[in-house]
Amino acid sequence: MSLPKRYKPRTREPQIAMTWQEKGVYHFDPHSEAPVFSIDTPPPTVSGNLHLGHVYSYSHTDFLARFWRMNGYNVFYPMGFDDNGLPTERLVERREGVRAADVGRRAFIERCLRVGEEAQQEYKELWQRLGLSVDWRHTYRTIEEKSRRLAQWSFLDLYRKGLAYRAQAPAIWCPECQTAIAQAEVDDLARDSTFYTLAFTLRDGATLPIATTRPELLPACVAIFIHPEDPRRSELEGQTARVPLFGQDVPILTDAAVDPETGTGVVMCCTFGDTADVAWWRAHDLPLVEAIGRDGRMLEPAGQFAGLETAVARRQMARALQEQALMLAQEPLSQTVRVHERCDTPVEYVVAWQWFISVLENKEQFLADGERLNWRPPHMKARYRQWVENLAWDWGISRQRAFGVTFPLWYCDECDAVILADEAELPVDPTVTEPSRSCPECGSASFTPETDVMDTWATSSLSPQIVGQMTGKESLYRQVFPFSLRPQAHEIIRTWAFYTIVKSRYHFDALPWRDVAISGWGLAPHGSGKISKSKGGDLHSPMEMIDAYSADALRYWAASTGLGKDSIIDEQKMQAGAKLITKLWNVARFSARFLHDYEPARGGAATLDHTFTPADRWLLSRTQRLIARVTELFQNYDYATAKSEIELFFWTELADNYLEMAKKRLYDGGEEAAGARFTLYQALLATVKLLAPFLPYVTEAIYQGLLETEATVHQSAWPLADRSLLDSRAEQQGALLVEIATAVRRYKSEANLSLGAELAHLHLTTADEALASVLEDAEPDLVSITRARTITVGSHTTPDLETITAENGVGIALASADSAS
């Protein structure tokens, strides 16, 4: 194997990727005695095409997997596909223009399964092309049989432990998606609105001004609240007021949750406008009036406005209030509204039968679990803690949709008892299968199936158990659980991270992983924010960008920003990555002629029968220091700084300076070249290995071509720093040589000479005898890099030379070849 003149990633990368798969380079070995590093990889949601934001965050996981693999760990790196719920349904609705109600539940489920299978293949092709070192033997879909079985087992276990319960209660509802959702699926969205001040009427006929942004909730107004210590309103307590337009009389009550500084300091409570309404309804045992339906339209209590969409009803009610002189004021307002994260539709609150998992009663346990995990970066722990502390609802897991994991239960038609499926029957679809026994409460054989499906997080929160094959390969599960690492994005700390911790604590009384690595977002350029595959993705597909720049170049961009930080998609950084790849290839190709069939002696420099120049000792020491530094950074998950320091070393020390210092000796050959060959081999091989997690393709091509081997760099040992080669004084001396070379280059540039132009003579002046000795030893290095025909070192300057500068006590004077002639 050799290094051709040009490296062509468009053809080489797919070839290398195919070889990796054929040889099983990234296979987990269940029989190995090496320590296990297991990764609970995020299963991408099947909701649209993958985009560059996914390339950004999934690359981060791969950097870490490759690092630990080269450090001797038996890496378990699986991949899943989350295709069992609402996101996939919405994708089918968008692509095919149908809903389950249009084609029937079974036909719609078949469409969802087909789309999920197609997406799995598309996603896998991209991940393999990007170079993710996944063991593709360990993949799963959250809708496949083993996932459904485990999700249903989880529900049964929680139900029997008293942690899953059914209740008729206010639920957060998305009118667009036509389903209840959990608190964690609600986002805040800024929008322009109007603050309406309305005229409520007291018993004595006086006007009570109340401000609201939602007049359409007037028919559901059941109470008015004031702050108990608001002196302006104290006389109102215990009175009633008449609701404008609809005429119902409602009590005026006190509650400390009222903000007396907002609006008029008087608040109407409607069932339901927000979570405050829900809290007041519960705390004060208020009546329930449902004015908004699950389709987002007004119901019968809205009178003449019934049947209207809420936005239309708001406008029409505002007009009617004005016409009846009940509108006291209107002013524009920028407000934050609660929306469903999947579709940005403002949520409503409706009363419905729902299944819940208890979390509020165990918040302290979940807070303690969060403290025991290693969060990377550490400040992400605060996000988790803040979320748990502010939980106000138990986890609602019912979804009124067609596609998803079904609840394994029926209801007795005679006594309403819950009939659970037997574990041996799982997975079961109660809408298709009858229970295998009669009702244990009354003996009836007449049942109604549960038609709701589970929240998709109820399944993906079991990803460690699914991919670890808890119910299939117990020996594998014991090896990989608890997992070493959970990598994920920051916006799903409140969902995937929290829910996985909940399930792991409730089922196994254990933490699911040791470390949590939180990635930021890949942001679209021009300030358009986070990319979303469910809302259109970005301008360029990942495959297009890989074709344009190479997979390694995209990975280079992804490595430029650390964990927890967002990064704008930057083609200039991809171009910089492509430039680094080309330079690395050229340096390796240049070096190959000197390292062909080279087998370095083992041991540190002190054990070698080589003559080392100051440049050799400098680079050998700098290489060891780089190895130690990069290893430490990777161990602390700081791959971005690691990449930057490797790149800086490669460009400024190895490529731009050392090669130029060693080039003459390498070309001349003989004994003088031995030290340079040893040094170049050590530095280049270390650089290739250190860059392998980031640039797996080009480093593989160089490693195999340079060493004439079929072995893969990704199964080779991570470099270890040889402390016998560390030499702080040599590093100082090498830095001085670089300063001298830089000064000469600057002189040539200012004199309009090429950097390769010869100098007739270079004279270095120093009064330090020890330093003078070093400079004399470095004559081969300086002759090579400055192109000086002769070099002298002395304590005095010579008048016939042009003094150009002084660097750290060394005067630099020279005569150019032109002036000498």
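Note that the structure is predicted; figures quoted are calculated from it, not measured.

Asks: Even after reading the chapter, I still don't get the overall build of the protein, so can you show me in this structure?
Replies: For the protein, the count of helices and strands is 25 helices and 30 strands. Taken along its principal axes, the extent of the C-alpha atoms in the protein is 110 × 65 × 45 Å. In the protein, buried positions account for 57% of the 821 residues. Pairs at least 24 apart in sequence give 77% of the contacts found in the protein among residues at least 6 apart. Between the averaged position of the 84 positive side-chain charges in the protein and that of its 110 negative side-chain charges there is a distance of 4 Å.

Asks: Even after reading the chapter, I still don't get the packing of helix α18 (residues 614-635) against helix α19 (residues 639-668), so can you show me in this structure?
Replies: Any two packed helices are characterised by the angle at which their axes cross and by the distance between the axes. Where α18 contacts α19, the axes come no closer than 10 Å and their chain directions differ by 170 degrees. Between α18 and α19, the angle is such that the two are roughly antiparallel. Crossing hand, α18 versus α19: left-handed. On α19, the residues that touch Ala-615, Asp-616, Trp-618, Leu-619, Arg-622, Thr-623, Leu-626, Arg-629, Val-630, Leu-633 and Phe-634 of α18 are Tyr-639, Thr-641, Ala-642, Glu-645, Ile-646, Phe-649, Glu-653, Leu-654, Asn-657, Tyr-658, Met-661 and Arg-665. Looking at the contact of α18 with α19 residue by residue, the class counts come to 14 nonpolar, 3 polar and 6 charged.

Asks: Just to check I follow, could you spell out the packing of aromatic side chains for this structure?
Replies: Two aromatic rings are characterised by how far apart their centres lie and by the angle between their planes. Inspection of every chain in the model, using the stated rule, returns 43 aromatic pairs. Centroid distance Tyr-58 to Trp-127: 4.5 Å. Interplanar angle 25 degrees. Geometry classified as stacked. One end of the pair, Tyr-58, is in helix α2 (residues 52-70); the other, Trp-127, is in helix α5 (residues 105-130), and 69 residues separate them in sequence. Both residues of the pair, Tyr-58 and Trp-127, belong to the buried class. The interplanar angle of 65 degrees and the centroid separation of 5.1 Å between the aromatic rings of Phe-590 and Phe-594 together place this pair among those described as edge-to-face. You can see Phe-590 and its partner Phe-594 sitting in helix α17 (residues 571-595), 4 residues apart, about one turn around the helix. Residue classification places Phe-594 among the buried positions, given a relative accessible area of 9%. Taken together through their ring pairs, the aromatic side chains of Phe-37, Phe-63, Phe-67, Trp-68, Tyr-73, Phe-634, Tyr-639, Phe-694 and Trp-718 make up a single cluster.

Asks: What exactly am I supposed to notice about the side chain of Asp-83 here?
Replies: Looking at the secondary structure, you find Asp-83 in the loop between β3 (79-81) and α3 (86-96). Side chain to side chain, Asp-83 and Arg-141 meet in a polar contact 2.5 Å long. If we ignore the near neighbours within four places in the chain, the residues touching Asp-83 are Val-46, Thr-88, Gly-116, Arg-141, Thr-142, Ile-143 and Phe-403.

Asks: What should I look at first to understand a negative patch on the surface in this one?
Replies: On the surface, Glu-117, Glu-118, Glu-122 and Glu-125 cluster together to form a negatively charged patch. Considering the arrangement of structural elements, one finds Glu-125 in helix α5. The exposure class of Glu-125 is partly exposed, given its relative accessible area of 42%.

Asks: It is not clear to me how the pairing of strand β5 (residues 164-174) should be interpreted in this structure. Could you clarify?
Replies: Every other side chain in a regular strand lies on the same face of the sheet, so the side chains alternate between the two faces. For β5 and strand β14 (residues 348-357), the ladder comprises 10 bridges, and the chain directions are antiparallel. What sits directly across from Ile-172, in β14, is Tyr-349. Across 3 bridges, the pairing between β5 and strand β6 (residues 179-181) is antiparallel. The residue bridging Trp-173 from the neighbouring strand is Ala-180, located in β6. If you look at the hairpin formed by β5 and β6, you'll find 4 residues sitting between the two strands, and Gln-178 has a positive phi there, around 60 degrees.

Asks: Please clarify how helix α8 (residues 310-323) should be interpreted in this entry.
Replies: Count 3.6 residues to each turn of an α-helix, and residues three or four apart come out pointing the same way. With 14 residues, α8 extends 20 Å between its outermost C-alpha atoms, agreeing within 8% with the 20 Å of an ideal straight helix rising 1.5 Å per residue. Where α8 is buried, its residues touch β7 (186-202), β13 (327-340) and β14. Trailing α8 by a residue or two, Ala-325 shows a phi angle of about 60 degrees, which is positive.

Asks: What exactly am I supposed to notice about the pairing of strand β8 (residues 207-212) here?
Replies: For β7 and β8, the ladder comprises 6 bridges, and the chain directions are antiparallel. Residue Phe-200 lies in a different strand from β8, and its bridge partner there is Leu-208. What sits between β7 and β8 in their antiparallel hairpin is a turn of 4 residues, with Gly-205 showing a positive phi close to 90 degrees.

Asks: What am I meant to see in the sheet that holds strand β27 (residues 759-765) here?
Replies: Each strand in a sheet pairs with its neighbour through backbone hydrogen bonds, running either in the same direction (parallel) or in the opposite one (antiparallel). Taken in spatial order, the 4 strands line up as β28-β27-β30-β29 in an open sheet, and their pairing is mixed. Only two strands of the sheet have a single neighbouring strand rather than two, namely β28 (791-794) and β29 (802-807). Along the sheet, successive strands turn relative to each other by an average axial angle of 20 degrees, direction set aside. Contacting β27, β28 and β30 (810-816), helix α23 (residues 769-777) crosses the sheet at an angle of about 175 degrees to β28.

Calculation notes
Every chain is numbered independently, its residues counted from 1 as its sequence is written. Reporting of local features is limited, given that this is a predicted model, to residues whose pLDDT is at least 70; pairs of side-chain atoms are given and counted only at 80 or more, and all residues count toward the totals for whole chains, interfaces and linings. For the side-chain quantities, the full set of heavy atoms in the structure was used; hydrogens and water were omitted. Working definition: helices are DSSP H or I runs of at least four residues, strands are E runs of at least two. Numbering for both runs from the N terminus. When a residue's accessible area, from a 1.4 Å probe over protein chains only, is under 20% of the maximum for its type it is buried; when over 50% it is exposed; and in between it is partly exposed. Residue contacts are counted whenever heavy atoms from the two residues lie within 4.5 Å of one another. When charges are counted, Lys and Arg are positive and Asp and Glu negative, with His and the chain ends excluded. Charge coordinates come from a single atom per side chain, which is NZ of Lys, CZ of Arg, CG of Asp or CD of Glu. For every element, the axis is a line fit to its C-alpha atoms; helices are fit only across the contacting stretch, and the angle between N-to-C directions ranges from 0 to 180 degrees. Should an angle lie under 35 degrees it is considered roughly parallel, over 145 roughly antiparallel, and from 65 to 115 roughly perpendicular; all remaining angles are considered oblique. Here a crossing is called left-handed whenever its near helix is offset anticlockwise from the far helix by less than a right angle, and right-handed whenever the offset is clockwise. Only Asp, Glu, Lys and Arg are considered charged, only Ala, Val, Leu, Ile, Met, Phe, Trp, Tyr, Cys and Pro nonpolar, and every remaining residue, Gly among them, polar. Between rings of Phe, Tyr and Trp, where Trp is taken as its six-membered ring, a pair exists when centres lie within 6.5 Å; planes separated by under 30 degrees are stacked, by over 60 edge-to-face, and by other angles tilted. Throughout this description, a polar contact denotes any pair of N or O atoms lying within 3.5 Å of each other; where both atoms belong to protein, one of them has to be capable of donating a hydrogen while the other can accept it, and for residues adjacent in sequence the pair is counted only when both atoms sit in side chains. In this analysis, a patch consists of residues with relative accessible area above 30% that form no salt bridge, clustered at 9 Å for like charges and at 5 Å for the nonpolar side chains Val, Leu, Ile, Met, Phe, Trp and Tyr. Surface accessibility in these figures is a Shrake-Rupley result with a 1.4 Å probe; residues are shielded only by whichever protein chains are displayed. For this document, the term salt bridge refers to a Lys or Arg side-chain nitrogen within 4 Å of an Asp or Glu carboxyl oxygen. Pairing between strands is defined by DSSP: at least two bridges between them are needed. Multiply 1.5 Å by the residue count of a helix minus one, and that product is the helix's expected span.

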